[in-house]
Amino acid sequence: MKKVKVNELKPNMILAETILGKGGRILLSTGIKLNEALINKIKETGKKSIYIEEDKHEIKMEGIAESNGEKIHFGSQVDIEEHLNIELMQKVEDDFEEVANTVKNGILNLNLSEEEIVKNTGDVTEFIKNNFNSNYAYIFRSIMTIRDVDEYLYRHSVNVAVLSFLLAKWLGYNDEKLNKILYAGLLHDIGKLKVDQNVLNKPGKLTAEEFEIVKKHALYTYKILEDFRSLDKEILYGATFHHEKLDGSGYPFGLKDNKIPEFARIIAIADIFDAMTSNRVYHNKKSPFLVLEMFSTNSFGKLDPRIVYIFLQRFVEYYIGSEVILNNGKKAKIVRINFTEITKPLLLDENGDFIDMSKERDVKIDDFYVKELENFDK
Ligand SMILES: [Fe+2]
Ligand SMILES: [Fe+2]
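Residues numbered from 1 in each chain as written. Chains lettered and ligands numbered in written order. Predicted model: local features only at pLDDT ≥ 70, side-chain atom pairs only at ≥ 80, totals over all residues. Heavy atoms only, no water.

(A) How the structure looks around the overall build of the protein chain. Of the regular secondary structure elements, the protein chain holds 14 helices and 11 strands. Within the protein chain, the proportion of its 378 residues that are buried is 53%. Relative to all contacts within the protein chain whose residues are 6 or more apart in sequence, the contacts with residues 24 or more apart total 66%. Carbon and sulfur atoms form 49% of the exposed surface of the protein chain, whose accessible area is close to 17,500 Å². (Helix = DSSP H or I, 4+ residues; strand = E, 2+ residues; numbered from the N terminus. Buried < 20%, exposed > 50% of the residue type's maximum accessible area, 1.4 Å probe, protein only. Contact = heavy atoms within 4.5 Å. Areas by Shrake-Rupley, 256 points an atom, 1.4 Å probe, with all protein chains shown as cover.)

(B) Region of the structure containing the coordination of the iron ion (ligand 1). Protein-derived coordination of the iron ion (ligand 1) comes from Asp189 (OD), His217 (NE2), His242 (NE2) and His243 (NE2), at a distance range of 2.1 to 2.3 Å. Its 4 donor atoms give the iron ion (ligand 1) angles of 82 to 168° at the centre, a pattern that matches the irregular case. All donor residues of the iron ion (ligand 1) come from one chain, and their arrangement in sequence is D-x27-H-x24-H-H. A separation of 3.4 Å is found between the iron ion (ligand 1) and the iron ion (ligand 2), both of which receive a donor from aspartate 189. (Donors = N, O, S within 2.8 Å, 3.2 Å for Na, K, Ca; no water. Tetrahedral: all angles 85-135°; square planar, octahedral: opposite > 155°, others 65-115°.)

(C) Structural view of the coordination of the iron ion (ligand 2). At the metal site, the iron ion (ligand 2) is ligated by His156 (NE2), His188 (NE2), Asp189 (OD) and Asp271 (OD), and these contacts range over 2.1 to 2.3 Å. The motif formed by the donor residues of the iron ion (ligand 2), counted along the single chain, is H-x31-H-D-x81-D. Classification of histidine 188 by relative accessible area gives buried; the value is 0%.

(D) View of the side chain of aspartate 95. By the element assignment, aspartate 95 lies in helix H3 (residues 86-107). Since its relative accessible area comes to 8%, aspartate 95 is described here as buried. Excluding anything up to four places from it in sequence, aspartate 95 contacts Phe127, Asn131 and Phe132.

Have a look at this one:
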């Protein structure tokens, strides 16, 4: 790693630090190979010097390999410049920010009338359907990016609505039901506006009493939305039951299995995933695979396995072809997803050897290498 003046940056240098853009959002991640456009983005931040890697070369791996007697074609390598669409990534970020602002000013605000809240929720619903209907990998990436903690509730509500919308779409929901789940996602935590904000935003672990206070938000959501005569009951229940668990261990009512409506089961998955990947300011960047693994193990018996599976499958699809760094220090490429154990894909390492993570269970993916964004336009 060495420090280089920004005006001496050259294409093909590898970034060795994360560059933050406006509002503390990640503009460029460690490991990205620079090109002219990216260098200009760095110049726009006003930074004078940055760290780059000294001796990292890309792994060139393409051709045909054999695993268990089966031939597998893998990656015709295309340079990241052709895949990385920094403008598109920025657009997705900007769209998220725009929606979060509307949610803050026009939806999650109890000084507004029911008519205003319902109308604005409808507008945001249309916006999400039009703008978050493709480029899923950019959306996932944006959802997994560091947040400004003060604005957590607004951005969280948008993330949950967008993830719920995508899940519902992949489950084959029609337009009317997509609208309803978007309403429920956007409004699911409206009850938090009635919870003591000091408890809600307390840094660190909550005491048992404090947790009981926070849990009340689900009932408050019910009480607020129940009065909204124009809202469909499916929206009301989808929002209210988002903390119920299949094994009956959830709240506010401890509902079990199919007593929990599918809307609420979808929102629960979106909610937990977003909560797990947020507040990461104090943590090192986690591999999405680690997050997915934690997500799938922790959710066992509590979340709808069919919906969790669809979520994991769709998520992981966007990472085929990505180059990763393993916990043994080796570089490898994800060549195939293992559908029985979605977080343990088949890899090809830099020596041309296959590593089946479902068999070699000590191998873990530590992080993504240079080409994290390669598959973004799939
Ligand atoms: Fe909640
Ligand atoms: Fe939530």
